[in-house]
Amino acid sequence: MTLTLTPGATTLAQLARIWQEDTAVTLDRSARPGVEAAAEAIARAAAGDDPVYGVNTGFGKLAYLRIAPGDTAALQRNLILSHCCGVGPAISTRHTRLMMALKLLSLGRGASGVRWALIEMLEQMLARGVTPVVPSQGSVGASGDLAPLAHMTAVIIGEGEAEVGGEVLPGAKALAKVGLAPIALGPKEGLAFINGTQFCTAFALAGLFDGWSAAQSALVISALSTDAIMGSTAPLQPEIHALRGHAGQIEAAGFLRALLDGSVIRESHRDGDTRVQDPYCIRCQPQVTGAAMDVLRMAARTLEVEANAATDNPLVLSEAGLIVSGGNFHAEPVGFAADMMALALSEIGAIAQRRVALMVDPTLSFDLPPFLTLHPGLNSGLMIAEVTTAALMSENKHLAHPTVTDSTPTSANQEDHVSMAAHGARRLGPMVANLNVILGVEALCAAQGIAFRAPLTTSGPLQAVIARLRQEVPPMGDDRYLAPDIATAAELVGGGALTRASGLPLPSLSGPEGRA
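Our subject in this report is the structure included herewith. (Residues numbered from 1 in each chain as written. Predicted model: local features only at pLDDT ≥ 70, side-chain atom pairs only at ≥ 80, totals over all residues. Heavy atoms only, no water.)

## Side note on helix H16 (residues 383–399)
In an α-helix there are 3.6 residues to a turn, and that puts residues three or four apart on one side. The terminal C-alpha atoms of H16 lie 25 Å apart, and with 17 residues this matches the ideal 24 Å at 1.5 Å per residue to within 8%. Looking at H16, one finds that the buried residues are Ala385, Glu386, Thr389, Leu392, Met393 and Asn396. Down the axis, H16 shows its buried residues gathered within 120° of arc, on one side only. What points out from H16, more than 90 degrees from its buried face, is the exposed set Ile384 and His398. In this structure, the buried residues of H16 make contact with helix H15 (332–360), helix H18 (428–451) and helix H20 (483–494). (Helix = DSSP H or I, 4+ residues; strand = E, 2+ residues; numbered from the N terminus. Expected span 1.5 Å × (residues − 1). Buried < 20%, exposed > 50% of the residue type's maximum accessible area, 1.4 Å probe, protein only. Arc of directions from axis to C-beta. Contact = heavy atoms within 4.5 Å.)

Dropping the structure here:
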C-alpha cells in the first residue's frame with residue numbers, strides 16, 4: 001500500500017511506517033501548485049540578469065562567479081557529479097528509502113524551485129524499488145548532507161549506482177530496468193536535492209524508532225529482573241513519582257506496577273525481608289528509564305519538525321516574490337537530537353547492565369546461585385555473558401560523547417561551522433544494537449533467576465514474556481555454546497516480541513495519555 005504524505009504535516013507515526021514497513025510513498029497532490037509556483041520563480045530568475053545563488057552563480061566559495069544562461073543545466077549536473085565523494089559501506093535500503101521520502105517532503109513544501117516531474121521521479125523510484133547506492137561517510141551536516149544526497153540524486157540523472165531486485169546496476173540501467181528514464185536537471189534543481197538534512201534525519205529517525213522500542217523492552221525486562229532478585233515494589237508507589245512530576249518517570253512507574261501486579265514472588269517477601277532498600281538499578285528504574293523516555297520524546301519533537309522542513313538553499317518565498325539565501329541546511333537541530341538520544345540509549349544500557357551484574361553475583365542476588373547455574377565451578381553459567389554486557393555498555397558510553405561540539409571549517413572557510421549530525425545520527429544504530437544485546441542478556445538472566453524462585457511465580461504478564469523467550473531459548477542447565485542464545489534474545493528484544501508478549505498497552509512515543 002502506498003502512503004500519502006502531506007508536506008508540513010507528516011507525523012512520526014507515518015514516518016515510522018516508512019521505516020518499519022518499507023512502504024512506498026507519494027505526496028498529497030495539494031502540494032503541486034506551490035511546487036510549480038516556486039519552479040516558475042526559479043525559471044524567471046535563471047533568465048534574468050540579477051545574480052541568484054546556485055541558479056546563475058557558482059557554489060560555496062565560488063558563489064561570486066557568474067554562470068552563463070546556456071550553462072545552467074551543465075552547472076547542476078556538474079554539481080551532482082563533483083559532490084559524489086562519499087566513502088565507506090553503502091547504507092541500508094531502509095535508510096535510503098526513508099531519506100528519499102524525507103527529500104520528497106522537503107521539496108513538497110514549495111520553496112525549493114524544482115519541477116513536479118522530479119518529485120514524480122522520486123515517487124516512482126520508491127514505488128518500483130530503485131534504491132540508489134549511497135556511501136555512509138562523507139557528510140559533515142552542513143551545507144546539508146552534500147555527498148550522500150548527491151549519490152542519491154546521481155541516479156535520477158542516470159549516473160551513480162542503484163539496487164533493483166537485488167542487483168546493483170549503473171544508474172541509467174537501473175532506471176531502464178523498471179521503465180524509467182533519467183531526467184536532466186534544470187536551474188537550481190541539483191542544489192535543491194543535495195542541500196538538505198535528509199541523510200542525518202533519516203538515521204536519527206531510525207535511531208529514534210528503534211531506540212524507543214528498546215526503551216519499552218527495558219521496562220518489561222527490568223520488571224523481570226526485579227522479581228528475579230525479589231526486589232521491592234514500594235519505590236513504584238504512585239505518590240512518589242507524582243511528587244516529582246516528570247511524565248516519563250510517572251509513566252514508567254505505572255507500567256512497572258502493571259507488569260508486576262499479581263506476582264506471587266513479590267507477595268512472598270512483603271513481610272520479614274531484612275533488606276531495607278534495593279540497589280539503585282532496581283529502585284531507580286522509573287527515574288532513569290523514565291528520564292530517558294522523556295529525552296527520546298524531546299528528540300522526537302525536533303525530528304518531526306525537521307522531517308517536515310524545507311532545508312535547502314536558497315529558498316523561494318513565492319508569496320513575497322523573493323529568492324533568499326539562508327541556512328536551513330545546517331543540521332544542528334538534528335545533531336542535538338542525536339546527541340540527546342545517544343545519552344538516553346547509553347543510560348538505559350548502563351542501568352540494565354547493573355541489573356545483570358546484580359543477578360549473577362551471589363552476594364547481591366538474594367540467594368540466587370552464582371552466575372545463575374545450579375552447579376557453579378564445573379559450570380560458569382552466565383558469567384561471561386555478563387562480561388559481554390559490560391563491554392557493550394562501555395562501548396555505548398564512548399559512542400554517547402557529543403558530536404555537535406566537534407565542528408571544523410570546510411570549503412575554504414566559507415562553511416566555517418558544521419553540525420557533524422551525520423555520524424552523530426549514524427552511530428545510533430550500532431548503539432541500539434548494543435543495547436538490544438544487553439537487554440537480551442538481562443532477559444536470559446532474569447528468566448533463569450525467576451525459575452530458581454519456584455514454586456513461587458511471577459505475574460501473569462511476566463510469565464507470558466518468559467514463555468515467549470522460552471519458545472526460542474531453553475533454560476540454562478549445564479554450560480553450552482551461548483552465542484546463538486544471546487543473538488536470539490537480542491533479536492526478540494529488537495523485534496519487540498517480548499514487549500508484545502506482556503499483553504499490556506505499551507508506553508507510546510507520542511506521550512502518555514495521562515499520569516498514573
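Following the structure, the description resumes.
## Some details on the packing of helix H19 (residues 460–472) against H20
Contact geometry for H19 and H20: axes closest at 10 Å, N-to-C directions at 135°. Judged on the interaxial angle alone, H20 and H19 are oblique. Crossing geometry of H19 relative to H20 is assigned as right-handed. Contacts between H19 and H20 pair Arg468, Leu469 and Glu472 from the former with Thr488, Ala489 and Leu492 from the latter. Of the residues belonging to the contact of H19 with H20, the class tally is three nonpolar, one polar and two charged. (Axes fitted to C-alpha atoms, helices over the stretch in contact; angles between N-to-C directions. Parallel < 35°, antiparallel > 145°, perpendicular 65-115°, else oblique. Left-handed = near helix turned anticlockwise from the far one by under 90°. Nonpolar A, V, L, I, M, F, W, Y, C, P; charged D, E, K, R; others polar.)

## Some words on the pattern of salt bridges
Oppositely charged side chains can pair when the atoms bearing their charge come close. This model, assessed by the stated rule, comprises 15 salt bridges. Among the ionic pairs, arginine 77 bridges to glutamate 159, the shortest N-O distance being 2.5 Å. Placement of arginine 77 in helix H3 (residues 72–83) and of glutamate 159 in the loop between helix H6 (146–156) and strand S6 (161–164) is noted, with a sequence separation of 82 residues between them. Its relative accessible area of 28% is what places glutamate 159 among the partly exposed residues. In this structure, arginine 480 and aspartate 485 form a salt bridge, with 2.7 Å as the shortest nitrogen-oxygen distance. Classification of arginine 480 by relative accessible area gives partly exposed; the value is 29%. (Salt bridge = Lys/Arg side-chain N within 4 Å of Asp/Glu carboxyl O.)

## Some details on the nonpolar core
In this structure, Leu15, Met125, Val130, Leu205, Leu208, Phe209 and Leu469 are the most contacted members of the largest nonpolar core, which totals 148 residues. Here the element with the most residues in this core is helix H9 (residues 198–228); it accounts for 19 residues. In contact with leucine 205, not counting residues within four places along its chain, are Leu12, Leu15, Leu98, Leu102, Leu303 and Ala307. Ranked by size, the runner-up nonpolar core spans eight residues in total, among them Ala41, Ala45, Val52 and Val55. (Core = buried A, V, L, I, M, F, W, Y, C linked by side-chain atoms within 4.5 Å.)

## As for the sheet that holds strand S4 (residues 131–132)
The three strands lie next to each other as S4-S6-S7, forming an open sheet whose pairing is antiparallel. The two strands at the open ends of the sheet, each matched to only one other strand, are S4 and strand S7 (167–170). Where S4 and S6 come together, two bridges link them in antiparallel fashion. In the sheet register, proline 132 faces S6, and the bridge partner there is alanine 162. (Pairing = 2+ DSSP bridges.)

## Description of the side chain of threonine 373
Structurally, threonine 373 can be placed in the loop between H15 and H16. Apart from the residues within four sequence positions on either side, threonine 373 is in contact with Asn379, Ser380, Gly381, Phe452 and Gly477.

## Focus: a nonpolar patch on the surface
On the surface, a nonpolar cluster with roughly 330 Å² of combined accessible area is contributed by Leu62, Tyr64 and Leu65. Summarising the element assignment, tyrosine 64 is placed in the loop between helix H2 (32–47) and H3. (Patch = residues over 30% accessible without salt bridge, like charges linked within 9 Å, V, L, I, M, F, W, Y side chains within 5 Å. Areas by Shrake-Rupley, 256 points an atom, 1.4 Å probe, with all protein chains shown as cover.)

## So, the packing of H9 against H19
One way to put it is that H9 packs onto H19 with a least axis distance of 10 Å and a crossing angle of 105°. One way to sum up the angle between H9 and H19 is to call them roughly perpendicular. Residues Val220, Ala223 and Leu224 of H9 pack against Leu462, Val465 and Ile466 of H19. Residues of the contact of H9 with H19, tallied by class, amount to six nonpolar, no polar and no charged.

## Concerning the side chain of serine 112
For serine 112, the location among the structural elements is in the loop between helix H4 (93–107) and helix H5 (116–128). Classification of serine 112 as buried rests on a relative accessible area of 1%. In contact with serine 112, not counting residues within four places along its chain, are Ala38, Ser106, Leu107, Lys188, Ala192, Asp312 and Val316.

## Considerations on the environment of isoleucine 42
Structurally, isoleucine 42 can be placed in helix H2. With 274 residues separating them in the primary sequence, isoleucine 42 and valine 316 have C-alpha atoms 7.8 Å apart. If we ignore the near neighbours within four places in the chain, the residues touching isoleucine 42 are Val55, Gly113, Pro187, Lys188, Val316 and Ile323.

## Here's the deal with the packing of aromatic side chains
Aromatic ring pairs are reported here in terms of the distance separating the ring centres and the angle at which the planes meet. One pass over the structure, following the stated rule, counts two aromatic pairs. Between tyrosine 53 and phenylalanine 59, the aromatic rings sit 6.3 Å apart at their centres with planes inclined by 90°, giving edge-to-face as the arrangement. Taking relative accessible area as the criterion, phenylalanine 59 reaches 16% and is therefore assigned buried. Between phenylalanine 199 and phenylalanine 203 the ring centres are 4.9 Å apart and the planes differ by 45°, which places this aromatic pair in the tilted class. You can see phenylalanine 199 and its partner phenylalanine 203 sitting in helix H9, four residues apart, about one turn around the helix. Since its relative accessible area comes to 8%, phenylalanine 203 is described here as buried. Cation over ring: arginine 275 sits above phenylalanine 366, and NZ or CZ is 3.6 Å from the ring centre. (Phe/Tyr/Trp six-rings, centres within 6.5 Å; stacked < 30°, edge-to-face > 60°. Lys NZ or Arg CZ within 6 Å of the ring centre and 35° of its normal.)

Fair warning: the whole summary comes from geometry, so function is off the table for now.
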